[in-house]
Each structure stands twice: as structure tokens, then as C-alpha cells.
Amino acid sequence: GLLAQFERFILIGDEKQLPAVITQQECGLTVTDPELNAIGISDLRISLFERLLILCKQNGWNDAYGMISRQGRMHRDIQEFPNRTFYDNRLTWLRPWQDAPAHILDLDNTDDPLARAFARSRVLFFPSQRERSPKVHREEARRTALLLDSIRRHSNGTFSLDTVGVITPYRAQIATIISSLPPDLHNLVTIDTVERYQGSERDIIILSFAANHPSQLRNLQSLSTDGRVDRKLNVALTRARHQLILLGCPDV
């Protein structure tokens, strides 16, 4: 209704990140009317933004859409996988610090093995063993607590709510991680699902997959309309500014 009042409008967004949360049952979301189908309305879960973008590409209206390719959030090493996998290598970094080798933590003269790992790479993967519970991984929860303690000790007094965020897909894993933390860290770290992290960022993101069986992966993903992009994974990997730490079972 609002957009119909103007000759020209500009929508800005990212169809490769999470759409609005839909609680309606799937059977009520399919549109079968042929005239509506002709203008791209076939599934009510598809936003106006994404529907218009699909129409532009299908009809060759190349002057009607474009991509903002310069990003100012992530270090280039964190950008590399989402850029290659989801954005066709079209992203570039905007600021000098995004190409800098040095880390933000105070790592001089440390004998902490976790801190030395921070100095080696902007993207770290710590392997976990499978556990029995489908939605809880206690080893990852304990390791998350150790990582947070190490980061705080090497933050040179600057540790705050903006320093580290923890993302994990299950409420049960959130509770397990919280119970593993010392009480004084509870109010300094946000531990939540990827849906609640969309639109926000932290200097360091710890991602605990808490997946003990491949059958869990189907419920962990949110595929784009064309099936090429896992939008949940894309959002989770792009919340970090300076460092991304992944905890998961390699065989899963």
C-alpha cells in the first residue's frame, strides 16, 4: 500500500540471510492462482524484496537491481568462505584493519595454548566427539567456557558485551553453556540462537553446532528459494568482526 504511492522506491536487504519467521502451517502458504503465480506470488514465505529480485533476474531487468559488494564488518579471512560459497566471490573489504594480520587480544608472552591458537588464525575449528544427546553437547559447552575465560584474560581490561557472542542452535545447549560459565561472565556474554543474532555483530563469535548426528542437519538449515544458500549458516558465519571460532563434530 505504501509503495504504490510513489513512482520510484528502493529496497535494501539481503535475500541470502534469514527471512521473517513464519509460524503458519505450510499448507496455508502455497498460492495456486495463475495470475498471482505469473507475477511471482507462489509461496507466501517469500518476501516482497526477494520476489521482486527474482522477477528482475527472470525478465532481464538488469538496470533495476544491484549488489552492494563492499562490506565493512568482517576481517577478510572471515569473509572468505561466505564470499566464495554464497556471494560468488563478489564481496570486498572496505577498511584497512580488515586486511591486518594482528589480533585484537593482548597475546604477548603468553603460555596459554588457546591464546596461541587465537594468534595463528582468524578462523579456528575445534573438533568435538559425538555425544548421545541430540540437542546438547557438553564438551562443546565446557570448551566454550574455557575459550571465554581465555579471551577475557587476554582482553587487557576491555572485555564487554561487544567482545564475544556465542551462537548455538538449541535452547538446551544455551542452558548447558550458561551453566558451564562462572557467574561473573553471565552478564558479559550473549548466548543465543542465530535467529536472534541476525542484524548484530561481535568482535569474536563462538559457534557451537551441538550436532551429534547427520539427521539433525536438515532442521539446522534454512535454504534459500533456489536451494543454493544455507541462510542460517550464512548469518552465523558473518556475525564476527575479528575472529570466528567453530566447535563441531568433523564426521557430522
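Since the structure is predicted, the reported quantities are computational estimates derived from the model, not experimental observations.

A sheet is described by the order of its strands in space; here five strands give the open sequence β3-β7-β6-β4-β5, paired in parallel fashion. In this open sheet, the two strands that pair with only one neighbour each are β3 (123-127) and β5 (190-192). Neighbour-to-neighbour, the strand axes of the sheet open up by a mean angle of 15 degrees, direction not taken into account. Running over the sheet, helix α5 (residues 138-153) touches β3, β4 (164-167), β6 (202-208) and β7 (240-248) and is turned about 150 degrees from β7. Packing of helix α6 (residues 171-180) onto the sheet brings it into contact with β4, β5 and β6, and relative to β5 it is tilted by some 150 degrees.

What follows deals with the layout of surface pockets. Taken as a whole, the largest pocket holds about 1,400 Å³ of empty space. Taken together, 39 residues form the lining of the largest pocket, with Gly13, Glu15, Phe49, Leu53 and Gly66 sitting closest to its centre. Counting only elements with at least two residues in the lining of the largest pocket, the list comes to α2 (48-59) and β1 (70-71). Among the elements that take part in the lining of the largest pocket, α2 stands out by supplying eight residues, more than any other.

Below, the discussion takes up the pairing of β6. β6 sits mainly inside the fold: seven of its seven residues count as buried. Alignment of β4 against β6, held across four bridges, turns out to be parallel. Bridging across to β6, Val164 finds its partner in Ile204. Across six bridges, β6 lies against β7 in parallel orientation. In the strand pairing of β7, Ile206 is matched with Ile245.

Glancing now at the environment of Pro182. Here Pro182 shows up in the loop between α6 and β5. When the C-alpha atoms of Pro182 and Leu148 are compared, they prove to be 10.0 Å apart, with 34 residues separating the residues in sequence.

Compared with an ideal rise of 1.5 Å per residue, which puts 16 residues at 22 Å, α5 spans 23 Å between its outermost C-alpha atoms and is within 8% of the ideal. Among the residues of α5, those classed as buried are Glu140, Ala141, Thr144, Ala145, Leu147, Leu148, Ser150 and Ile151. As for α5, its buried residues are in contact with α4 (113-120), β3, β4, α6, β6 and β7.

Buried within α4 we find Ala115, Ala117 and Phe118. Taken around the axis of α4, the buried residues stretch over an arc of 155 degrees, which confines them to a single face. Those residues of α4 that are exposed and angled more than 90 degrees off the buried face are Pro113 and Arg120.

Our next topic: the packing of α5 against α6. Between α5 and α6, whose axes approach to 8 Å, the crossing angle comes to 45 degrees. Here α5 is positioned oblique relative to α6, judged by the angle of their axes. By crossing handedness, the relation of α5 to α6 is classed as right-handed. Between α5, through Arg138, Glu140, Ala141, Arg142, Thr144 and Ala145, and α6, the contact on the second element is made entirely by Gln173, Thr176, Ile177 and Ser180. Considered class by class, the residues forming the contact of α5 with α6 number three nonpolar, four polar and three charged.

What follows deals with the pattern of salt bridges. Under the definition given, this model contains 18 salt bridges. Residue Arg241 pairs with Glu201 through a salt bridge whose shortest N-O separation is 2.7 Å. With Arg241 in strand β7 and Glu201 in the loop between α7 (194-197) and β6, this residue pair connects regions lying 40 residues apart in the sequence. When its relative accessible area of 27% is taken as the criterion, Glu201 is described as partly exposed. Residues participating in the shared-partner salt-bridge network are Arg73, Glu201, Asp203 and Arg241.

Thresholds applied
- Residues numbered from 1 in each chain as written.
- Predicted model: local features only at pLDDT ≥ 70, side-chain atom pairs only at ≥ 80, totals over all residues.
- Heavy atoms only, no water.
- Pairing = 2+ DSSP bridges.
- Helix = DSSP H or I, 4+ residues; strand = E, 2+ residues; numbered from the N terminus.
- Axes fitted to C-alpha atoms, helices over the stretch in contact; angles between N-to-C directions.
- Contact = heavy atoms within 4.5 Å.
- 1 Å grid on protein atoms, 1.4 Å probe; cavity = no way out; pocket = protein on both sides within 12 Å on 5 of 7 lines; lining within 4 Å.
- Points joined across faces, edges and corners; volume = space filled by probe spheres on them.
- Buried < 20%, exposed > 50% of the residue type's maximum accessible area, 1.4 Å probe, protein only.
- Expected span 1.5 Å × (residues − 1).
- Arc of directions from axis to C-beta.
- Parallel < 35°, antiparallel > 145°, perpendicular 65-115°, else oblique.
- Left-handed = near helix turned anticlockwise from the far one by under 90°.
- Nonpolar A, V, L, I, M, F, W, Y, C, P; charged D, E, K, R; others polar.
- Salt bridge = Lys/Arg side-chain N within 4 Å of Asp/Glu carboxyl O.

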